[in-house]
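Now for the letters of each chain:
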Amino acid sequence: MSYPYQIRSLEQYHHQYKQSIEDPETFWSGIAENFYWQKKWDKVLNWNFTEPSVKWFSGAKLNITENCLDRHLDILGDQPAIIWEPNNPAEQNRILTYKELHQRVCRFANALKNNGVKKGDRVCIYMGMIPELAIAVLACARIGAIHSVVFGGFSAQSISDRLQDAKVDYIVTCDGAFRGAKDIPLKKIIDEALLSCAFVKKVIVYERTKIPVVMQPGRDVWWHDEIKNVSDECAAETMDAEDMLFILYTSGSTGKPKGVVHTCAGYMIWANYTFVNVFQYQSKQIHFCTADIGWITGHSYIIYGPLSAGATTLMFEGIPTYPDAGRFWEITDKHKVDILYTAPTAIRSLMSYGTQPLQNKDLSSLKILGTVGEPINEEAWHWYDENIGHKKCPIVDTWWQTETGGIMISNLAGVTPSKPSYATLPLPGVQPVLVDEKGNEIEGNDASGNLCIKFPWPGILRTTYGDHERCRLNYFATYNNLYFTGDGCLRDADGNYRITGRVDDVLNVSGHRIGTAEVENAINMHSGVVESAVVGFPHDIKGQGIYAYVILSNSADNTDTTRNGILQTVTKVIGAIAKPDKIQFVSGLPKTRSGKIMRRILRKIAEGEMQNIGDTTTLLDPAVVEEIKNGKL
Ligand code: 7RM
């Protein structure tokens with residue numbers, strides 16, 4: 001496949017960028033010409049950020065799977081679409097060509113239909129990282145069902161919240177998942193979640209671990225039974241450009257995750273355009289994105305971006321440190337990976353094992369490296385550059401969000417310059433602005449402020465499922481006529497952007513977004529807890545760690561048993577990813593006279609800053625600050 005819209009020089013980047021700003025409609029209709037449409041659009045863009053309402057390619061009809069599968073069959077039919085590497089290196093890897101993937105997607109799409117799944121139904125997918133997860137996602141898209149993938153690390157309670165919010169009709173899961181030395185009983189967790197979700201009609205279970213599960217007659221069916229005697233042809237449903245493609249839950253500053261909604265045409269174009277340009281994908285290359293499909297990075301850069309570009313995408317079931325810290329390098333060597341896209345937290349973690357795990361690993365196939373999810377510190381950047389890229393591979397530092405659908409600010413590999421710890425320049429179509437507290441735009445270079453975007457790009461979220469007002473309030477109400485990212489940001493003398501981190505109450509732990517309010521709610525469900533306050537603190541590997549200040553109803557319970565109980569509660573309510581690293585028992589929290597917790601003070605103390613914690617005279621009880629300082633962990 002060739003990509004006429006792939007930017008090949010710095011000069012071309014500047015030219016394309018200028019065009020995309022001066023005449024966005026002509027620019028994006030030119031890009032859209034490279035896709036397969038059942039019917040073309042009447043209007044490229046209608047928008048306002050007040051409702052908000054954004055519509056790209058109105059009137060167009062398409063199916064994203066025809067763009068990801070059917071259109072490649074003639075020329076790329078026998079090329080690998082998915083290379084799958086199992087958790088356990090002793091197990092056989094699997095390779096699915098475009099032809100095979102197309103057949104399997106169609107077959108499972110028919111199985112979904114036979115089970116009653118219709119266009120517009122919500123299907124929750126709760127599976128490990130196996131090809132059938134990608135197949136389930138694409139099969140939903142094939143028939144116009146809205147997929148909502150939930151990461152395999154979330155608890156029954158979290159799943160149940162999401163099932164209710166999205167009014168999910170069907171679930172696709174596995175008996176279990178292999179992850180490192182563990183196996184996760186996915187079906188059992190689903191069974192527990194379903195105790196409070198009687199509206200779910202059916203559960204389709206793929207057999208992966210072969211560890212026995214309980215099947216509820218009438219509700220639960222086996223994947224392998226459902227695809228027997230089913231045709232491997234399935235016509236793609238005709239979708240409107242703005243029909244929903246998927247819902248993906250993400251944390252915000254409130255206790256309840258939001259269902260970010262992406263639609264068919266705009267998301268497809270954005271995932272594809274950013275994939276082809278940022279990674280400078282060349283025909284036949286092998287792209288290894290280490291994210292889980294439960295996160296947006298997996299949606300856009302394991303599935304939709306690569307497959308819509310006819311690329312070969314490598315999907316890995318396991319974790320970077322199993323069976324040892326050389327696993328990524330072994331996979332890179334074994335499959336001759338060209339592009340490696342991972343998170344700074346994984347780099348820092350692998351860095352801590354030194355270079356021994358790199359011995360006898362041939363990484364010479366690597367051409368491009370990428371990072372995503374959090375700011376990358378210079379030390380990790382240089383380690384990645386020297387030890388993995390051998391100073392020959394451009395590193396792309398890609399800034400984006402679940403809400404943006406795809407990469408927004410990044411260098412283009414080998415085409416535009418990189419600068420350690422800077423995401424650098426906006427992609428064509430992206431108009432970043434920095435604003436001060438009052439919402440005034442800060443113009444000129446050498447500036448810092450809150451990062452907003454002032455014009456829609458094709459991959460922008462359209463709503464938060466079931467609650468459009470929440471979408472407006474969260475992203476479009478803080479500053480007039482701007483999409484607010486929630487991130488703080490610097491712009492250097494050359495106009496390069498450096499994202500400094502969240503300015504709201506969202507933590508970024510190992511590249512995963514976790515709301516402080518969510519963790520507090522979970523902690524407060526422990527019967528011995530009266531109140532809690534959660535803040536982030538700098539963590540060498542995770543980027544941010546979770547620090548919880550907890551008031552107990554009986555202060556004599558300040559034991560490790562209570563601590564463990566709280567950790568268990570958080571694991572049960574959210575999942576292990578949200579477990580606090582530190583729990584400090586306190587007798588009170590620093591509050592203003594109006595009862596607002598002064599997180600600024602708690603953050604300073606958690607960071608180890610004891611001197612300049614700012615004015616405490618407005619506090620209800622300033623003495624509590626001394627107690628908290630003295631008890632710091
Ligand atoms: C893709 C993803 C989004 C938040 C975002 C930032 C942070 C992501 C970078 C980054 C600095 C980066 N989606 N973030 N990428 N910070 N440099 N290259 O991570 O919705 O899960 O998180 O992640 O704070 O707002 S996400």
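Nothing here was measured: the structure is a model prediction, and the numbers come from that model. Counting restarts for each chain, with residues numbered from 1 along the sequence as it is written. Two thresholds apply to this predicted model, a pLDDT of at least 70 for residue-level local features and 80 or more for giving and counting side-chain atom pairs, whereas whole-chain, interface and lining totals are computed over all residues. Computation of side-chain values: all heavy atoms of the structure, hydrogens and water removed.

Asker: Requested: an account of the overall build of the protein, with residues and values cited.
Answerer: Secondary structure elements follow DSSP: runs of H or I of four or more residues count as helices, runs of E of two or more count as strands, with numbering from the N terminus. The helix and strand tally for the protein stands at 19 helices and 30 strands. Both definitions apply: the radius of gyration is a C-alpha atom measure, and the globule rule equals 2.2 Å times residues to the power 0.38. Here the C-alpha atoms of the protein give a radius of gyration of 24 Å, agreeing with the 26 Å that 2.2 N^0.38 yields for 633 residues. With respect to the three principal axes, the spread of C-alpha positions in the protein is 75 × 65 × 55 Å. Per-residue burial over the protein gives 61% buried out of 633 residues. A separation of at least 24 residues holds for 71% of the contacts in the protein among residues at least 6 apart in sequence. To sort residues, take the accessible area from a 1.4 Å probe on protein chains only and compare it with the maximum for the residue type: under 20% means buried, over 50% means exposed, and anything in between is partly exposed. Working rule for contacts: check all heavy atoms of both residues, and any pair within 4.5 Å makes them a contact.

Asker: Account for helix 14 (residues 378-388), with residues named and values stated.
Answerer: When helix 14 is considered as a whole, its buried residues turn out to be Ala-380, Trp-381, Trp-383, Tyr-384, Asp-385, Asn-387 and Ile-388. Taken together, the buried residues of helix 14 touch helix 12 (327-335), strand 18 (339-342), helix 13 (344-351), strand 19 (368-372) and strand 20 (395-398). Downstream of helix 14 by a residue or two, His-390 has a phi angle that is positive, lying close to 45°.

Asker: Can you lay out the sheet that holds strand 24 (residues 483-491) for me, pointing to particular residues and giving the numbers?
Answerer: In short, DSSP must find at least two bridges between two strands for them to pair. What the 4 strands build is an open sheet, ordered 21-22-24-25; its pairing is antiparallel. Taken across any chain shown, the strands that pair with only one partner, and hence form the sheet edges, are strand 21 (432-435) and strand 25 (497-502). The mean angle between the axes of side-by-side strands here comes to 45°, regardless of whether they run parallel or antiparallel. Two elements, strand 21 and strand 22 (residues 447-453), share 4 bridges in a ladder whose sense is antiparallel. Across the sheet, the residue bridging to Val-433 is Cys-452, located in strand 22. Every angle, taken between N-to-C directions, lies between 0 and 180 degrees, and every axis is a line fitted to C-alpha atoms, over only the stretch in contact when it is a helix.

Asker: Any chance you could break down the pairing of strand 25 for me, citing the residues and the numbers?
Answerer: For strand 24 and strand 25, the ladder comprises 5 bridges, and the chain directions are antiparallel. Paired with Asp-487 across the strands is Arg-502, a residue of strand 25. With antiparallel pairing between neighbouring strands as the criterion, strand 24 and strand 25 make up a hairpin whose turn holds 5 residues, including Gly-495 at a positive phi of roughly 85°.

Asker: Lay out the pattern of salt bridges in plain terms, naming residues and giving numbers.
Answerer: Put simply, a salt bridge is a Lys or Arg side-chain nitrogen that is within 4 Å of an Asp or Glu carboxyl oxygen. Tallied over the full model, the rule gives 41 salt bridges. Of the charged contacts, one joins Glu-132 and Arg-94 as a salt bridge, the two residues approaching to 2.9 Å between their closest N and O atoms. Placement of Glu-132 in helix 6 (residues 131-143) and of Arg-94 in strand 5 (residues 94-97) is noted, with a sequence separation of 38 residues between them. The exposure class of Glu-132 is buried, given its relative accessible area of 3%. Where Glu-242 meets Arg-462, a salt bridge forms, and the shortest distance between an N and an O atom there is 2.9 Å.

Asker: Explain the nonpolar core to me, and be specific about the residues and the numbers.
Answerer: The set of buried Ala, Val, Leu, Ile, Met, Phe, Trp, Tyr and Cys residues whose side-chain atoms join them within 4.5 Å is what this entry labels a nonpolar core. Among the nonpolar cores identified, the biggest contains 171 residues, and Trp-37, Phe-57 and Tyr-304 are the most heavily contacted of them. At 11 residues, the largest contribution of residues to this core is made by helix 10 (residues 264-278). What Trp-37 contacts, discounting residues up to four positions off in sequence, is Ala-32, Phe-57, Ala-60, Lys-61, Leu-62, Ala-265, Met-268 and Ile-269. Core analysis: the next-biggest nonpolar cluster, separate from the first, contains 27 residues, Phe-328, Ala-380, Trp-383 and Ile-395 among them.

Asker: Describe the site of the ligand, listing the residues and the values that go with them.
Answerer: The immediate surroundings of the ligand are formed by 17 residues, with Asp-397, Thr-402, Asp-487, Arg-502 and Arg-513 found nearest. Separating a nitrogen atom of the ligand from a backbone N or O atom of Gly-373 is a distance of 3.1 Å. In short, Shrake-Rupley with a 1.4 Å probe defines the accessible areas, and a residue's cover is counted only from the protein chains shown. When the ligand sits alone it has 520 Å² of accessible area, and the protein chains cover 95% of it. Ten residue types, Ala, Val, Leu, Ile, Met, Phe, Trp, Tyr, Cys and Pro, are classed as nonpolar, four, Asp, Glu, Lys and Arg, as charged, and the remainder, Gly among them, as polar. Here the residues of the shell around the ligand sort into 6 nonpolar, 6 polar and 5 charged. One heavy atom within 4 Å of a molecule or strand makes the whole residue count as near it. Any N or O atom pair separated by 3.5 Å or less is treated as a polar contact, with the protein-specific requirement of one donor-capable and one acceptor-capable atom, and with residues adjacent in sequence counted only for side-chain atom pairs.

Asker: Tell me about the side chain of Asn-93, and name the residues and values.
Answerer: Its location among the elements puts Asn-93 in the loop between strand 4 (80-85) and strand 5. Side chain to side chain, Asn-93 and Lys-334 meet in a polar contact 3.5 Å long. Ignoring any residue separated from it by four or fewer positions in sequence, one finds Asn-93 in contact with Trp-84, Glu-85, Pro-86, Lys-334 and His-335.

Asker: Account for the packing of aromatic side chains, naming residues and giving values.
Answerer: To pair, rings of Phe, Tyr and Trp, with the six-membered ring standing in for Trp, must have centres within 6.5 Å; the planes then decide the type, stacked if under 30 degrees apart, edge-to-face if over 60, and tilted in the middle. Counted according to the given criterion, the structure contains 41 aromatic pairs. Aromatic side chains Phe-288 and Phe-328 sit 5.7 Å apart centroid to centroid with 80° between the ring planes, which places their arrangement in the edge-to-face category. Here Phe-328 lies in helix 12 and Phe-288 lies in strand 16 (residues 286-289), a separation of 40 residues in the sequence. Relative to Phe-476, the ring of Tyr-475 has its centre 6.5 Å away and its plane inclined at 70°; by these criteria the two rings are edge-to-face. Judged on exposure class, the residue Tyr-475 and its partner Phe-476 are both buried. For a ring to carry a charge above it, either NZ of a lysine or CZ of an arginine must fall within 6 Å of the ring centroid while also lying within 35 degrees of the normal to the ring plane. The ring of Phe-154 carries Arg-162 above its face, with NZ or CZ at 4.4 Å from the centroid. The ring of Phe-537 has Lys-582 sitting right over it, with the charged end atom 4.8 Å from the ring centre.

Asker: Give me helix 11 (residues 296-308): which residues, what numbers.
Answerer: Summarising burial for helix 11: 13 of the 13 residues are buried, a large majority. One or two steps after helix 11, the chain reaches Gly-310, where phi turns positive at roughly 70°.

Shape is all these values report; function is a separate question.
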